[in-house]
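# Architecture and fold: a report
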Amino acid sequence: MEITVLIFLTSGLFLGWSLGANDAANVFGTAVASRMIQFTTAAIICTVFLILGAVISGAGAAHGLGALGKLNALPGAFMAAFSAALTVYWMTKAGLPVSTTQAIVGAIIGWNFFSSSITDLSALTKILATWVACPILGAIFGALIYKLVMVTLSKSRIHLLRLDGYTRLGLILAGAFGSYSLGANNIGNVMGVFVSSSPFSDFSIAGLFTLTSIQQLFLLGAIAIGVGVFTYSKRVMMTVGDGILPLTPVGAWVVVISHSIVLFLFSSITLEHFLASNGLPTIPLIPVSSSQAVVGAVIGIGLLKGGKGIKWRALGNIASGWVTTPIIASIVCFVMLFFLQNVFNQVVYHEVRYVLSEPVLNHLERSGVTVAELTPLKDREITGGVPFRDAVREVQPRLPGELEEKILDAAEIYPISISDDKLMSIDADYLSPEQIGALDNLVGLSLLHKWQLYDTLSRKSGAWRKLENNKLNKPFNKHLDEQLNYVYGLFHQEERGAKS
Amino acid sequence: MNIKVENLALFGKTKNIERMIDDLMDCISNGAMIFETGINTYLDGVEDGRCDDLVHQIRDLEVEGNRLRREIEGHLYTDMLIPDSRGDVLSLLEDINYLLGLAEDIFLAITVESPMIDDEFRADFKLLTTAAVKTIESAVLAARAFFRNITAVRDHLGKVSFHEEEADQIAVRLKRKIFASDQSLEKKLHKRYFVDKLDRLADEAEDVGDWLAIYSIKRSL
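All figures in this text were calculated on a predicted structure; none of them were measured in a lab.

Okay, the overall build of chain A next. Counting secondary structure elements, chain A contains 20 helices and 6 strands. The C-alpha atoms of chain A give 24 Å as radius of gyration, which agrees with the globular expectation for 500 residues (23 Å, within 12%). Reported as C-alpha extents along the three principal axes, the dimensions of chain A are approximately 75 × 60 × 55 Å. Taking all 500 residues of chain A together, 44% fall into the buried category. Put simply, 82% of the contacts in chain A that link residues at least 6 apart link residues at least 24 apart.

Shown next as structure tokens:
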């Protein structure tokens, strides 16, 4: 356990704190601002369920890591987390609700620029799409549900006091559920990158249940989120709940429910799988952000009432915060990485090398890529994603993005060596016995590319074989991809000696 | 086991306050009816202590109304219920409870001052009392609807205005009649004083209705 890991861990905790101070406001902001739930009560419920979500459901997805897991050196990940946290902190100070995920994606883009890595276009699309789609969807759902609730209430003749009780209960339940999901989904971003270097060891509580080292790490992260909720989230809560449009308690509940529905309908793979397996048309999955869904729902209710009460200036500030968050995070990250590398002599990224060797070209040809034009680059080792992509573009200028991505993936040098000692440390709960058995047969094998391991494994065992790419098989393939990434990382070898 | 939502601890307190609000409304509408009976008894000249009994009854109701109002106010604040309409509900309960106090004052003043109401004015005095009481009853119905059925508030408020207008017309007519008579000025002024008092009861009920209209708009926003 190195002291540097502990230092790096602090940026994760800072990020957790920022997440608590900002994102948690989405779940309880309207409830607190409409005075239905006291801030302290909201903070306690939020923290408890955040911790439960992070420890119970977050740990289950630990191997999938968070977005920061893409960064290949711990000091680099530290700085990306720190830049994202700093950006969210500034936004929180200004009382603006932003999405921590977007700050992280922004920081990763900064890291990509610094390390000459290629920025995943889908990450950029994700940011742009959420700016537009999420508030609109939130507004549509907010307005529809508000109308429906109002009609139902006028017919049901519930006593004002009883309605108050139901609304309070609804706000608490929805808030608790929202906090649980927030903890489960975001703990990966806060702590995921430190999973492989967790300073904790498993321990059992009174012999009843065991807390794994990952769960302890996530508990620490969740506590940091909780501290963020208690110390700093009130201001953002007031912006969300009162700054755009003063809401009635029922309106507050409608906002929380609409935001949950938007998040569920447009980001649930489970729902997509359920619809597809029953032969029903699926809802397109689009990236969604809770901050934007909440603000959208508030606007939706405001517009339904004629739009008079909406404070457009506050809304403008919030929207500008959304645009500036990823930009600030990426700039801050870039500058900080420069200092970390040149002043503190830390390795902030590992160089990624690419080569279009004979096996790579054959592999590409098999997967439908015309490789004739690529031969000038054959066996030329190029360092950095961007220089390699530029070289590919030089020889084949009009290549569709999808094929370009395929070439990059195939050519990336990622030495893998299946060794006995690493096989011993494999997580037997995460992989099936058949999958582990297939790996067992490969001991001693060294490979140069990720796809080679996949090809070998899928030939050896059906448990490693991806299914046909359709909506029904999407969850299976996604899970297999996560397992593969875990295996790639586990058997990855830093030295350059590996040969295919 | 059959568990009703009302029996759960979470809604137990709420149900208790709901019951107290209903009881307060009952006090006011019962008080209004007793007030009407009392005035009619006085006008009919029944002299066997019946009026004093009715004064006691209306006073008891007023005391009970005040107790309920204070208790409801205490609960709403200490339990932090209905944060957005708490202020409106408290004003509504105070205003509507004030009507009962006002009715008691008028009835007590009539029994103490014993104004001389001649036969020619008696029918109009009764009509004026009935109109004022109907205004109060409609205001109470509107207040009840505010808690359970917000869309019905408007209908009841329409009736409040109608009866108040009716009371105004009767009051003007009665005052003209009083001052056109050949009675002495002090008798005329004494009767006018009570006409104004009864008319004010209807006016106050209409004020409750006006505020209630605003509270309803706020709730439906």
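Bringing the overall build of chain B into the picture now. What chain B contains, in helices and strands, is 6 helices and 0 strands. For chain B, the sequential pattern of α-helices and β-strands runs α-α-α-α-α-α. If one aligns the C-alpha atoms of chain B with their principal axes, the spans along those axes are about 75 × 40 × 30 Å. Per-residue burial for chain B yields a buried fraction of 38% across its 221 residues. In chain B, once contacts between residues fewer than 6 apart in sequence are set aside, the share between residues at least 24 apart is 81%.

With 20 residues, helix 4 (residues 74-93) of chain A should reach 28 Å at 1.5 Å per residue; the first-to-last C-alpha distance of 28 Å fits that figure. Within helix 4 of chain A, 17 of the 20 residues are buried, leaving the element largely enclosed by the surrounding structure.

Looking now at helix 15 (residues 385-395) of chain A. All names here are of chain A. Taken as a whole, helix 15 has its buried residues at Gly 385, Phe 388 and Val 392. Projection of helix 15 onto a plane perpendicular to its axis shows the buried side chains occupying an angular sector of 70°, all on one side. Away from its buried face, by an angle of more than 90 degrees, helix 15 presents the exposed residues Pro 387, Asp 390, Arg 393 and Glu 394. Contacts made by the buried residues of helix 15 are with strand 3 (353-354), strand 4 (382-383) and helix 16 (401-411).

So, about the interface of chain A and chain B. Every contact between the two is made by 15 residues of chain A and, on the other side, 16 residues of chain B. A total of 6 residues in the side of chain A that touches chain B trace back to one element, the largest contributor, which is helix 7 (residues 160-191) of chain A. For the side of chain A that touches chain B, the per-class residue count stands at 5 nonpolar, 5 polar and 5 charged.

What follows is about the nonpolar core. Counting residues in hydrophobic clusters, the biggest one holds 107 residues, and the most contacted among them are A:Phe28, A:Cys46, A:Ala80, A:Ala84 and A:Val298. Ranked by residue count, the leading element in this core is helix 4 of chain A, at 12 residues. In this structure, A:Cys46 is in contact with A:Ala24, A:Val27, A:Phe28, A:Gly175, A:Ser179 and A:Val229, ignoring residues within four places of it in sequence. B:Leu92, B:Ile110, B:Phe121 and B:Leu198 belong to the second largest nonpolar core, which has 61 residues in total.

Quick look at the confidence of the model for chain A now. Here chain A averages 84 in pLDDT, and 94% of its residues register 70 or above. In the model of chain A, strand 1 (residues 203-205) of chain A stands out as the element of lowest mean pLDDT, 73, in contrast to helix 13 (residues 312-342) of chain A, which has the highest, 92.

Time to look at the domain arrangement of chain A. Domain parsing of chain A yields domain 1 (3-131 + 156-245 + 311-342), domain 2 (353-411) and domain 3 (416-491). Centre-to-centre separation of domain 1 of chain A and domain 3 of chain A, based on C-alpha positions: 31 Å.

All names here are of chain B. Taken N-terminus to C-terminus, the directions of helix 3 (residues 86-113) and helix 6 (residues 185-220) make an angle of 170°; their axes are 10 Å apart at the nearest point. By the angle between their directions, the pair helix 3 and helix 6 is classed as roughly antiparallel. Facing Asp 88, Ser 91, Leu 92, Asp 95, Ile 96, Tyr 98, Leu 99, Leu 102, Ala 103, Ile 106 and Ile 110 of helix 3, the residues of helix 6 in contact are Phe 194, Lys 197, Leu 198, Leu 201, Glu 204, Ala 205, Val 208, Trp 211, Leu 212, Tyr 215 and Lys 218. When its residues are assigned to classes, the contact of helix 3 with helix 6 shows 16 nonpolar, 1 polar and 5 charged.

With that out of the way, let us pick up unusual backbone geometry. Residues and elements named next belong to chain A. Despite not being glycine, Arg 35 shows a phi value in the positive range, around 60°. One can find Arg 35 in the loop between helix 2 (24-33) and helix 3 (39-58). Backbone geometry places Arg 157, a non-glycine residue, at a positive phi of 50°. Looking at the element boundaries, Arg 157 is found in the loop between helix 6 (121-156) and helix 7.

Residues and elements named next belong to chain A. Position of Ser 277 among the secondary structure elements: in helix 11 (residues 269-277). Note on Ser 277: 10 C-beta atoms within 10 Å, which makes it exposed. Distance in space between the C-alpha atoms of Ser 277 and Leu 472 is 6.1 Å, their sequence separation being 195 residues.

What counts and what doesn't
In this numbering scheme, every chain counts its residues from 1 along its sequence in written order. Chain letters and ligand numbers both follow the written order, the letters beginning at A and the numbers at 1. pLDDT decides what is reported in this predicted model: residues at 70 or higher carry local features, side-chain atom pairs at 80 or more are listed and counted, and totals for whole chains, interfaces and linings draw on all residues regardless. Helix and strand definitions here come from DSSP, where helices need a minimum of 4 consecutive H or I residues and strands a minimum of 2 consecutive E residues; each element is numbered from the N-terminal end. The size measure is the radius of gyration over C-alpha atoms, and the globule rule it meets is 2.2 Å times the number of residues to the 0.38 power. Here the C-beta atoms are placed from the backbone, and a residue counts as buried if at least 20 other C-beta atoms lie within 10 Å of its own, exposed if 12 or fewer do, and partly exposed otherwise. Here contacts are defined at the residue level, using C-beta atoms placed from the backbone and a cut-off of 7 Å between them. Expected helix span is computed as 1.5 Å times (number of residues minus one). Along the arc lie the directions from the helix axis toward the C-beta atoms. Classification used: nonpolar for Ala, Val, Leu, Ile, Met, Phe, Trp, Tyr, Cys and Pro, charged for Asp, Glu, Lys and Arg, polar for all others including Gly. Linking buried Ala, Val, Leu, Ile, Met, Phe, Trp, Tyr and Cys residues through C-beta atoms within 7 Å yields a set, and such a set is a nonpolar core. One number per residue, pLDDT, summarises how confident the predictor is, and it ranges from 0 to 100. Residue ranges for the domains originate in an automatic or database domain assignment. For helices, the axis comes from a line fit to the C-alpha atoms of the stretch in contact; other axes are also lines fit to C-alpha atoms, and the angle between any two N-to-C directions lies between 0 and 180 degrees. Convention used here: angles under 35 degrees read as roughly parallel, angles over 145 as roughly antiparallel, angles from 65 to 115 as roughly perpendicular, and any remaining angle as oblique.

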